[in-house]
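Each chain, written out:
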Amino acid sequence: MLGFYIGKCTCIVKFSFLALVAFCCIYSGVGIGFSCFLATLLHEGSHLLAMQFFGVLPEKAELSIMGCRVEIGGYSQLNDKQQSLISLAGPCGNLLTALFVWAVGSYNSFVGINLAMCVAHSLPIEPLDGGLALHYILRSHFRKDKAEIVSRVLSSLFLLPLSVVGYYLLLQTKYNFSLLALSLYLTAYLLFGKDYSQP
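Residues numbered from 1 in each chain as written. Predicted model: local features only at pLDDT ≥ 70, side-chain atom pairs only at ≥ 80, totals over all residues. Heavy atoms only, no water.

**Topic: the overall build of the chain**
Looking only at helices and strands, one finds 7 helices and 4 strands in the chain. Going residue by residue from the N terminus, the α and β elements of the chain occur as β-β-α-α-β-β-α-α-α-α-α. On C-alpha atoms alone, the chain measures out to a radius of gyration of 17 Å, which is about the 16 Å that the 2.2 N^0.38 rule sets for 199 residues. The principal-axis extents of the C-alpha atoms in the chain amount to approximately 45 × 40 × 35 Å. Out of the 199 residues belonging to the chain, those deemed buried represent 36%. (Helix = DSSP H or I, 4+ residues; strand = E, 2+ residues; numbered from the N terminus. Rg over C-alpha atoms; globule rule 2.2 N^0.38 Å. Buried < 20%, exposed > 50% of the residue type's maximum accessible area, 1.4 Å probe, protein only.)

This is how it looks when you write it as structure tokens:
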């Protein structure tokens, strides 16, 4: 476990996340692994910047294989629109980074990784950022329990074709199981409840 401070925020990088980065380095090479690590930091940093923009000061940010869990200090009154914007800030950060690197004339693996992270997290499936944003939007129009049901139904409808594509990709490549693994994780989330990894 690695701990450090950014202002008054305690930042913790857990072993599980470092193990994931190490696996990426072994599986895809050091360059890809470092690009994934940097894209993840940009993604989570975009969430934190959005929180600061709305006046929410995080006391603790914990990065693990499950994502980034943020603990907010004191009392905060964020409305559903603000919550949805904070959720979408991560994918937007990756998209803007990819466009900037591409605009300066360098289309490389870092651009592709940021685009892939943007697309994946924008999917309307909880607990991905797109799914959380959709949940907050639904919650602003329906009762909390009804919003929860609609959100899970929509997540399941989008998850089914994602699982099929992941399985097909594994059959075709014989080694690329990343999309299928993501589908299994999201399925477990929908079946067994929240992992509190938001935003």
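**Focus: the nonpolar core**
Counting residues in hydrophobic clusters, the biggest one holds 16 residues, and the most contacted among them are Phe17, Met51, Cys68, Val70 and Ile86. Those elements that place two or more of their residues in this core are β2 (9-13), α1 (15-28), α2 (30-53), β3 (58-64), β4 (67-72) and α3 (80-103). (Core = buried A, V, L, I, M, F, W, Y, C linked by side-chain atoms within 4.5 Å.)

**Some words on the side chain of Thr40**
Here Thr40 lies in helix α2. Given a relative accessible area of 14%, Thr40 falls into the buried group. Among residues more than four places away in sequence, those in contact with Thr40 are Phe17, Leu63 and Met117. (Contact = heavy atoms within 4.5 Å.)

**A word on a nonpolar patch on the surface**
Residues Leu20, Phe23, Tyr27, Tyr175 and Phe177 make up a contiguous nonpolar surface patch of roughly 500 Å² in combined accessible area. Mapped onto the secondary structure, Tyr175 falls in the loop between α6 (144-173) and α7 (178-192). Exposure remark for Tyr175: the relative accessible area of 52% places this residue in the exposed category. (Patch = residues over 30% accessible without salt bridge, like charges linked within 9 Å, V, L, I, M, F, W, Y side chains within 5 Å. Areas by Shrake-Rupley, 256 points an atom, 1.4 Å probe, with all protein chains shown as cover. Salt bridge = Lys/Arg side-chain N within 4 Å of Asp/Glu carboxyl O.)

**Structural notes on unusual backbone geometry**
Omega for the bond connecting Glu126 with Pro127 falls within 30 degrees of zero, at 5°, which places this linkage in the cis form. Along the chain, Pro127 turns up in the loop between α4 (109-122) and α5 (129-139).

**Quick word on the pattern of salt bridges**
A full pass over the atoms with the stated rule returns 5 salt bridges. Its salt-bridge partner being Lys60, residue Glu62 comes within 3.8 Å of it at the nearest N-O pair. Take Lys60: its relative accessible area is 24%, and that puts it in the partly exposed class. Linking Arg139 and Asp80 is a salt bridge whose minimum nitrogen-to-oxygen distance equals 2.9 Å. Here Asp80 lies in helix α3 and Arg139 lies in helix α5, a separation of 59 residues in the sequence. Connected through shared salt-bridge partners, Lys14, Lys60 and Glu62 make up one network.

**Here we look at the packing of aromatic side chains**
Considering all chains together, one arrives at 1 aromatic pair under this definition. Residues Phe53 and Phe54 carry aromatic rings whose centres are separated by 5.3 Å and whose planes lie at 75° to one another, so their mutual orientation is edge-to-face. Since its relative accessible area comes to 24%, Phe54 is described here as partly exposed. (Phe/Tyr/Trp six-rings, centres within 6.5 Å; stacked < 30°, edge-to-face > 60°.)

**Observations regarding the pairing of β3**
With respect to burial, β3 is a largely interior element, 5 of its 7 residues being buried. Pairing of β2 with β3 involves 4 bridges; the strand directions are parallel. Its bridge partner lying in β3, Thr10 is registered against Lys60. (Pairing = 2+ DSSP bridges.)

**Some thoughts on the environment of Leu186**
Within the secondary structure layout, Leu186 lies in helix α7. Since its relative accessible area comes to 0%, Leu186 is described here as buried. Expressed as a C-alpha distance, the spacing of Leu186 and Lys146, which sit 40 residues apart in the sequence, is 21 Å. Setting aside residues no more than four positions away along its own chain, Leu186 makes contact with Ile125, Glu126, Pro127, Leu128, Leu159 and Leu162.

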